[in-house]
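So the chains spell out like this:
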Amino acid sequence: MTHPRPETVAVVVVTYNRADLLIGMLDGLAALERCPDAVIVVDNASTDHTPQVLAARTGLPLQVLTPSENLGGAGGFHLGMRTAVEHGFDRVWLMDDDVVPAPDCLSVLMAQDEDCLAAVREDTAGRLVEKAATRFDLRNPLAIKPKTGMVETDYGTRAAMPPLVEIENVAFEGFLVRRRVVEEIGLPDPTFFIFYDDVDFALRARRAGYRIWAVRDAVLVRQLDFDQQHDLAGWKGYFMYRNLFVVHLRYGENLAVRLKPWLIALAVLVLSPLHGGRAEARNVVRALRDARGMRRLSLSAAPGPGPGPG
């Protein structure tokens, strides 16, 4: 009698200039009950002591990728996932550098026979801070923000969750995906740079018929507080506006939703003397212009021939 071989899994970590956080994250990976088969770290051209931290790390099946420039989170996850898929790993577990998995986190996830899974995030005090959307509305043009429900607000505590919660988008912090999904829908789109690359990937997966589940008992501890008040007049504001607009243009389910970027931009321009000023107005104008050029999925993210087994 033959038994199916256990699935292999590669962890992909993207890091940039947060060496001290990375140490804790790698310690968490080393303490996992189920050791990953590979840990692929994309060091996004860090200028701190990240290279020294990685060079000194032993006890993990570490592979370090060092692009010559900062690819952003989106480009880093694109590169890391592409490497994992090309090496034939059955599953890829995406991880940021500021989370620490519970020792049984990967074991719990790997025990689930589902193609798309997400660990559930808590803060260092044990409070539920999982912001993955339980409802992501691209049908109602009056929904100013498409995320109209999330795990944290729906349940309040992790104990109140059922074992599996279906979610409509993910964060690339603890997202576990099977290789066959990537072969069908493609890689994360590196042109996002930061923000919404994970949302874009989840929307493609769901449109291809895959369901995404948050697993209550697979816990990640977030080392930093969420900062939801981004500076919309600064450089991050440009990417937040642009990539939000791209999601609406690519996936809006009707014309009214696909026109929302123009309405949002108009509202920002009208209100800019009171909020954000000229810098935010410039951001939103440039974001709308550039989003129109990103309406189609970039060729580097589109699916191609599937790799063979490793």
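Residues numbered from 1 in each chain as written. Predicted model: local features only at pLDDT ≥ 70, side-chain atom pairs only at ≥ 80, totals over all residues. Heavy atoms only, no water.

1. Looking at the overall build of the chain
Then, number 1: Looking only at helices and strands, one finds eleven helices and eleven strands in the chain.
Then, number 2: Taking 310 residues into account, the globule formula puts the C-alpha radius of gyration at 19 Å, and the chain, at 19 Å, falls close to it.
Then, number 3: For the chain, the spread of C-alpha atoms along the principal axes amounts to about 65 × 45 × 45 Å.
Then, number 4: Taking all 310 residues of the chain together, 51% fall into the buried category.
Then, number 5: Pairs at least 24 residues apart make up 77% of the contacts formed inside the chain by residues separated by at least 6 positions.
Then, number 6: With 35 positive and 39 negative side-chain charges, the chain shows a spacing of 7 Å between the two charge centroids. (Helix = DSSP H or I, 4+ residues; strand = E, 2+ residues; numbered from the N terminus. Rg over C-alpha atoms; globule rule 2.2 N^0.38 Å. Buried < 20%, exposed > 50% of the residue type's maximum accessible area, 1.4 Å probe, protein only. Contact = heavy atoms within 4.5 Å. Lys, Arg positive; Asp, Glu negative; His and termini not counted. Charge placed at Lys NZ, Arg CZ, Asp CG, Glu CD.)

2. A few points about unusual backbone geometry
Then, number 1: Not every positive phi belongs to a glycine, and N17 is a case in point at roughly 55°.
Then, number 2: Within the element layout of this structure, N17 appears in the loop between strand 1 (9-15) and helix 1 (19-30).
Then, number 3: With relative accessibility at 27%, the residue N17 sits in the partly exposed group.
Then, number 4: Non-glycine residue F195 carries a positive phi angle of around 70°.
Then, number 5: Among the structural elements, F195 can be located in the loop between helix 6 (179-185) and helix 7 (197-207).

3. Quick look at the pairing of strand 2 (residues 38-43)
The two faces of a sheet get side chains in turn, since along a regular strand they alternate between them.
Then, number 1: Burial within strand 2 is extensive, with six of its six residues counted as buried.
Then, number 2: Residues of strand 2 alternate between two faces, with A38, I40 and V42 on one and V39, V41 and D43 on the opposite face, all of them buried.
Then, number 3: Looking at chain direction, strand 1 and strand 2 are connected through six bridges and run parallel. Bridge pairing links V13 to V41 in strand 2. (Pairing = 2+ DSSP bridges.)

4. A word on the environment of D27
Then, number 1: Mapped onto the elements, D27 comes out in helix 1.
Then, number 2: When the C-alpha positions of D27 and R57 are compared, they lie 9.4 Å apart, and in sequence the two are 30 residues distant.

5. Some thoughts on a nonpolar patch on the surface
Then, number 1: A cluster of nonpolar residues, L266, V270, L271 and L274, forms a patch on the protein surface that exposes about 440 Å² of accessible area.
Then, number 2: Following the sequence through the fold, L274 ends up in the loop between helix 10 (260-271) and helix 11 (277-292).
Then, number 3: Exposure remark for L274: the relative accessible area of 75% places this residue in the exposed category. (Patch = residues over 30% accessible without salt bridge, like charges linked within 9 Å, V, L, I, M, F, W, Y side chains within 5 Å. Areas by Shrake-Rupley, 256 points an atom, 1.4 Å probe, with all protein chains shown as cover. Salt bridge = Lys/Arg side-chain N within 4 Å of Asp/Glu carboxyl O.)

6. Remarks on the nonpolar core
Then, number 1: One finds M81, I167, F175 and V177 to be the most contacted residues of the largest nonpolar core, which totals 38 residues.
Then, number 2: Residue contributions to this core peak at five residues, all from helix 3 (residues 72-86).
Then, number 3: The residues contacting M81, other than those within four sequence positions of it, are V12, V92, L94, V177, V182, L187, P188 and F201.
Then, number 4: V13, A19, M110 and L176 belong to the second largest nonpolar core, which has 29 residues in total. (Core = buried A, V, L, I, M, F, W, Y, C linked by side-chain atoms within 4.5 Å.)

7. Focus on the confidence of the model for the chain
Then, number 1: The predicted model of the chain has a mean per-residue pLDDT of 93, with 95% of residues at 70 or higher.
Then, number 2: This stretch, residues 305-310, has a pLDDT under 50; its non-local contacts, to residues over four places away or in other chains, come to ten contacts. (pLDDT = per-residue confidence, 0-100.)

8. Brief notes about the state of the cysteines
Then, number 1: Under the definition given, this model contains zero disulfides.
Then, number 2: Cysteine C35 remains unbridged, with the sulfur of C105 as its closest cysteine sulfur at 14 Å.
Then, number 3: With a relative accessible area of 0%, C105 lands in the buried category. (Disulfide = S-S within 2.5 Å.)

9. Description of empty space enclosed by the protein
Then, number 1: Tallied over the entire structure, the rule returns one cavity of 30 Å³ or more.
Then, number 2: Taken as a whole, the largest cavity holds about 40 Å³ of empty space.
Then, number 3: Of all the elements, strand 6 (residues 116-122) adds the most residues to the lining of the largest cavity, at three residues.
Then, number 4: Taken together, the residues of the lining of the largest cavity sort by class into six nonpolar, no polar and three charged. (1 Å grid on protein atoms, 1.4 Å probe; cavity = no way out; pocket = protein on both sides within 12 Å on 5 of 7 lines; lining within 4 Å. Points joined across faces, edges and corners; volume = space filled by probe spheres on them. Nonpolar A, V, L, I, M, F, W, Y, C, P; charged D, E, K, R; others polar.)

10. Focus: the pairing of strand 11 (residues 212-222)
Then, number 1: With eight of eleven residues buried, strand 11 is to be regarded as a mostly interior element.
Then, number 2: In this structure, strand 6 lies alongside strand 11, joined through six bridges in parallel fashion. Bridge pairing links V120 to V219 in strand 11.
Then, number 3: Pairing analysis gives four bridges linking strand 9 (residues 164-167) to strand 11, with the strands arranged antiparallel. Among the inter-strand pairings, I167 is bridged to a residue of strand 11, identified as I212.

11. Things to note about the packing of aromatic side chains
Then, number 1: Taken as a whole and assessed by the stated rule, the structure comprises eight aromatic pairs.
Then, number 2: Taking 5.9 Å as the distance between ring centres and 35° as the angle between the ring planes, the aromatic pair formed by Y241 and F245 counts as tilted. One end of the pair is Y241 and the other is F245, both in helix 8 (residues 235-251) and four residues apart, which spans about a single turn. Of the two residues examined, Y241 and F245, each falls in the buried class.
Then, number 3: Ring pairing ties together the aromatic residues F77, F172, F175 and F201, which thus form one cluster.
Then, number 4: Of note, R286 hangs over the ring of Y238, and the distance from its end group to the ring centre comes to 3.8 Å. (Phe/Tyr/Trp six-rings, centres within 6.5 Å; stacked < 30°, edge-to-face > 60°. Lys NZ or Arg CZ within 6 Å of the ring centre and 35° of its normal.)

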